[in-house]
Amino acid sequence: MPAHNLANSIGGNIASVHNALAAQALPFEIIAVDDGSEDRTSSEISELCSSYPHLIHVALKVNSGKGAALKRGFERCSGDYVLFLDADLDLPIDQAGLFFEVMKEEQSDIVIGCKMHPDSDLSYPLHRRIMSRTYFALVKALIGLPIRDTQTGMKLFRREALETAFPRMLVKQFAFDLELLTIAHEFNFKVAEAPVTLVFQPKAYGFKLKSIARIVIDTLAIFYRAKVLKYYKSIPTAELPEKRPLVSIIVACPAASDYLSQCVAAVLAQTYAEFEILILPDAETEQDWKDARIRELPTGPIRPAEKRNLGIEAAKGELCAFLDDDAFPTEDWLNNAVLYFSDPDTAAVGGPAVTPPQDPPLAQVGGLVFANPLVSGGYRYRYAPGRVRLVEDYPSCNLIVRTDILRQLNGFRTDFWPGEDTFLCMDIVHKCKKKIFYDPRILAYHHRRKVLLPHLRQAGRYALHRGYFARKFPATSRKISYAIPSLFVAGLLFGGIASWLWEPLRLPYLFSVAFYLAVTFLFSFSFNPAYWLLTWVGIIGTHLVYGMRFIAGFCSKHMPETKALFDHPSEVA
């Protein structure tokens, strides 16, 4: 039972569910999950636990969405059958018996409540019926689910269906139900529908235009993952080892900051408990971290690679997990990463560094630019979730590596920055002959630089090191995808000169420029016109800056920024 801000009714609703189930003389448990409520919902549930021995209380520190609440609840449950039930009881518990009857009759793995079932009894506004039918038509066209409703709050599952679906899920909020049922369908779990009696209860949050847009975006993303990327079937099945390895989380930083506090708080909220945190500031932060797993190792004003190497030396764990101090992981970050190290040939894993939704608008646009396929191309998975894959190069803002491999390679190169992570990954793959996996579930949020100048400065540094690596260490960097912006800049410059000198080239040149502007404009689409325009300008600016700086790096005898220290969003905002 996921609940959010239901202090006034949660006690009575839990009592109703408990009494109804107890009357059936069947073994049961109730998992009440408080999804970061601002009222007394959590304390109300906690107080009820002494009265109801079958009640288990799960509390999320922040509001994370219904999907996240259900997932955490499932982690605590032990039943062979799992019933989802909204805590506001818009669908009364006495309808659950019918769901079990349908599951038995249909020999199904999942039974969902269906508002469009001919036997359903609804007191439902016309506009909500229209919305439901419209959404169903969209889902049917895109994903082809053989059902007529995905959003009704009561659902019954055999445990195996959820054990398959939950580890593969990315959506935690609006389209959670659709993703869960899509995954179940992909893995051939049978879904049946049951009629419901429903009296409409307006939710406190309502259905705002922004929420509708988010549902559409999430639905399209699920279609893309299921039908284009084949993402859900790419997730390997693995279990955590009985003896869980200790993970040393290494956070290099210049000093204490709000970002660092956010990073540490997110690590402490991990569902995987076997870790230590090594914080490497220039000088003592004078923070009272209040957790014995945190160690602070002041380093003096040295570069990030040098700090990380000191962290590797001090690490007690079998694995070293690297996070930038302006990044923070999701709660399942370590849980999903450690799964891969049951394979001795896997040396490292990484995951996407997604722009936090709390970032200011100009930083959000910076994230949109990096995540745009016209900017990151085949490497877009670094900024937005993609399918599971083997990679040869991955950034250290979200990277977990075996400690013995790191020590064998003497850690990171310290004679240039950025790019030390590229060299490390190159050695892992080509010297050690080990594998690096990417998995979108190993997700961290990474604060972005604001467009335009801070973003372009960062893009220029990326390009400079990549151009230098393309010439000096071609194994992972001399690829046409990295050189495309430089070819674009060269074409723009020399094409302009040629068209000015020879008139017959002028019209084709102008047409090519217009075509480029049109394509980048379309690929910049956003429901927010300001975001659309700024993303468009950001894409063009990134192409130009990256193209020129890549050439500069390729022509350099050494990295011009070898003495750089930190580039922090708070410093360049």
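Residues numbered from 1 in each chain as written. Predicted model: local features only at pLDDT ≥ 70, side-chain atom pairs only at ≥ 80, totals over all residues. Heavy atoms only, no water.

## Side note on the pattern of salt bridges
Next, step 1: Enumeration over the complete set of coordinates arrives at 27 salt bridges.
Next, step 2: Arg382 is the partner of Asp393 in a salt bridge, and the nearest nitrogen-oxygen pair spans 3.8 Å. Of this pair, Asp393 sits in the loop between strand S17 (389–391) and strand S18 (398–402) while Arg382 is found in the loop between helix H14 (373–376) and S17, placing the two residues eleven residues apart along the sequence. Both residues of the pair, Asp393 and Arg382, belong to the buried class.
Next, step 3: Here the salt bridges do not stand alone but share partners, grouping Arg40, Glu44 and Glu47 into one network. (Salt bridge = Lys/Arg side-chain N within 4 Å of Asp/Glu carboxyl O. Helix = DSSP H or I, 4+ residues; strand = E, 2+ residues; numbered from the N terminus. Buried < 20%, exposed > 50% of the residue type's maximum accessible area, 1.4 Å probe, protein only.)

## Considerations on a positive patch on the surface
Next, step 1: Positive charge collects at one region of the surface, where Arg471, Lys472, Arg478 and Lys557 lie side by side.
Next, step 2: With respect to the helices and strands, Lys472 occurs in helix H17 (residues 453–472). (Patch = residues over 30% accessible without salt bridge, like charges linked within 9 Å, V, L, I, M, F, W, Y side chains within 5 Å. Areas by Shrake-Rupley, 256 points an atom, 1.4 Å probe, with all protein chains shown as cover. Lys, Arg positive; Asp, Glu negative; His and termini not counted. Charge placed at Lys NZ, Arg CZ, Asp CG, Glu CD.)

## So, the packing of aromatic side chains
Here a ring pair, both rings aromatic, is described through the centre-centre distance and the interplanar angle of the planes.
Next, step 1: Counted according to the given criterion, the structure contains 22 aromatic pairs.
Next, step 2: Consider the rings of Tyr231 and Tyr232, whose centres lie 5.0 Å apart with planes at 65°: the pair is edge-to-face.
Next, step 3: For Tyr232, a relative accessible area of 1% translates into the label buried.
Next, step 4: On the basis of an interplanar angle of 45° and a centroid distance of 5.9 Å, the ring pair of Phe370 and Tyr462 is categorised as tilted. Taken together, the positions of Phe370 in helix H13 (residues 361–370) and Tyr462 in helix H17 put the pair 92 residues apart, joining distant regions of the chain.
Next, step 5: For Phe370, a relative accessible area of 5% translates into the label buried.
Next, step 6: Here Tyr462 falls in the partly exposed class, since its relative accessible area comes to 27%.
Next, step 7: Just above the ring of Phe412 sits the side chain of Arg308; from NZ or CZ to the centre is 5.9 Å.
Next, step 8: A cation sits over an aromatic face here: Arg413 above Phe423, 4.3 Å from the ring centre. (Phe/Tyr/Trp six-rings, centres within 6.5 Å; stacked < 30°, edge-to-face > 60°. Lys NZ or Arg CZ within 6 Å of the ring centre and 35° of its normal.)

## Remarks on the sheet that holds strand S15 (residues 346–350)
Within a sheet, neighbouring strands are paired by backbone hydrogen bonds and run either parallel or antiparallel to one another.
Next, step 1: Taken in spatial order, the eight strands make up an open sheet running S12-S11-S10-S13-S18-S15-S19-S17, and their pairing is mixed. The sheet is open, and its two edges are formed by strand S12 (294–296) and S17, each paired on a single side. Taking each pair of neighbouring strands and ignoring which way they run, the sheet shows an average axis angle of 25°.
Next, step 2: Both strand S11 (residues 275–280) and S12 contribute to a ladder of three bridges, which runs parallel. Pairing of Ile277 across the sheet is with Ile294, part of S12.
Next, step 3: Strands strand S10 (247–252), S11, S12 and strand S13 (319–324) of the sheet are contacted by helix H10 (residues 258–268), whose axis makes an angle of about 170° with S11. (Pairing = 2+ DSSP bridges. Axes fitted to C-alpha atoms, helices over the stretch in contact; angles between N-to-C directions. Contact = heavy atoms within 4.5 Å.)

## Considerations on unusual backbone geometry
Next, step 1: Looking along the chain, the bond that leaves Val451 and enters Leu452 is cis, with omega of 15°.
Next, step 2: Take Leu452: it is sitting in the loop between strand S20 (444–446) and H17.
Next, step 3: Even without being a glycine, Asn5 presents a positive backbone phi close to 55°.
Next, step 4: Structurally, the position occupied by Asn5 is in the loop between strand S1 (2–3) and helix H1 (10–22).
Next, step 5: Judged by relative accessible area, which is 32%, Asn5 ranks as partly exposed.

## As for the nonpolar core
The nonpolar side chains of a soluble globular protein tend to be buried, and buried together.
Next, step 1: In terms of nonpolar packing, the biggest core is built from 71 residues, with Phe84, Phe166, Leu180, Val247, Ile249, Leu323 and Ile400 touching the most fellow members.
Next, step 2: No other element matches the six residues that helix H7 (residues 176–186) contributes to this core.
Next, step 3: Ignoring any residue separated from it by four or fewer positions in sequence, one finds Leu180 in contact with Phe84, Phe157, Leu162, Ala165, Phe166 and Met169.
Next, step 4: Counting 33 residues, the second-largest nonpolar core is a separate cluster that includes Leu409, Leu424, Cys432 and Ala470. (Core = buried A, V, L, I, M, F, W, Y, C linked by side-chain atoms within 4.5 Å.)

## Some thoughts on the pairing of S13
Next, step 1: Counting buried positions along S13 gives six out of six residues, so the element sits mostly inside the fold.
Next, step 2: Inspection of the sheet shows S10 paired to S13 by six bridges, in the parallel sense. Each bridged residue has a counterpart across the sheet, and for Val247 the counterpart in S13 is Leu319.
Next, step 3: The pairing of S13 with S18 spans five bridges and is antiparallel. Across the sheet, Ala321 pairs through a bridge with Ile400, a residue of S18.

## Brief notes about a nonpolar patch on the surface
Next, step 1: Side chains of Leu493, Phe494, Ile497, Trp500, Leu501, Trp502 and Leu505 sit close together on the surface and give an oily, nonpolar patch of about 840 Å² of accessible area.
Next, step 2: In this structure, Trp502 sits in the loop between helix H19 (480–501) and helix H20 (506–523).

## A closer look at helix H21 (residues 529–555)
Next, step 1: Here H21 is 27 residues long and its end C-alpha atoms lie 39 Å apart, about the 39 Å a rise of 1.5 Å per residue gives.
Next, step 2: Within the sequence span of H21, burial applies to Thr535, Gly538, Ile539, Ile540, Gly541, Thr542, His543, Tyr546, Gly547, Phe550 and Gly553.
Next, step 3: Lining the buried residues of H21 we find H13, H14, H17, H19 and H20. (Expected span 1.5 Å × (residues − 1).)

## What about H13?
Next, step 1: For H13, the tally of buried residues reaches seven of ten residues, placing the bulk of the element in the interior.
Next, step 2: Within the span of H13, buried status applies to Ala363, Gln364, Val365, Gly366, Gly367, Val369 and Phe370.

## What about the pairing of strand S4 (residues 81–84)?
Next, step 1: Alternating residues of S4 divide into Val82 and Phe84, all buried, and Tyr81 and Leu83, none buried.
Next, step 2: Pairing of S4 with strand S7 (residues 155–158), which is carried by four bridges, proceeds in the antiparallel orientation. Each bridged residue has a counterpart across the sheet, and for Phe84 the counterpart in S7 is Lys155.

## Here we look at the packing of H13 against H21
Next, step 1: Between H13 and H21, the least distance of the axes is 9 Å, while the angle of their chain directions is 55°. Put simply, H13 runs oblique to H21. Judged by the twist between their axes, the crossing of H13 over H21 is right-handed. Facing H13, whose interface residues are Pro361, Leu362, Gln364, Val365, Leu368 and Val369, H21 presents Tyr531, Leu534, Thr535, Gly538, Ile539 and Thr542.
Next, step 2: Its residues assigned to classes, the contact of H13 with H21 comprises eight nonpolar, four polar and no charged. (Parallel < 35°, antiparallel > 145°, perpendicular 65-115°, else oblique. Left-handed = near helix turned anticlockwise from the far one by under 90°. Nonpolar A, V, L, I, M, F, W, Y, C, P; charged D, E, K, R; others polar.)

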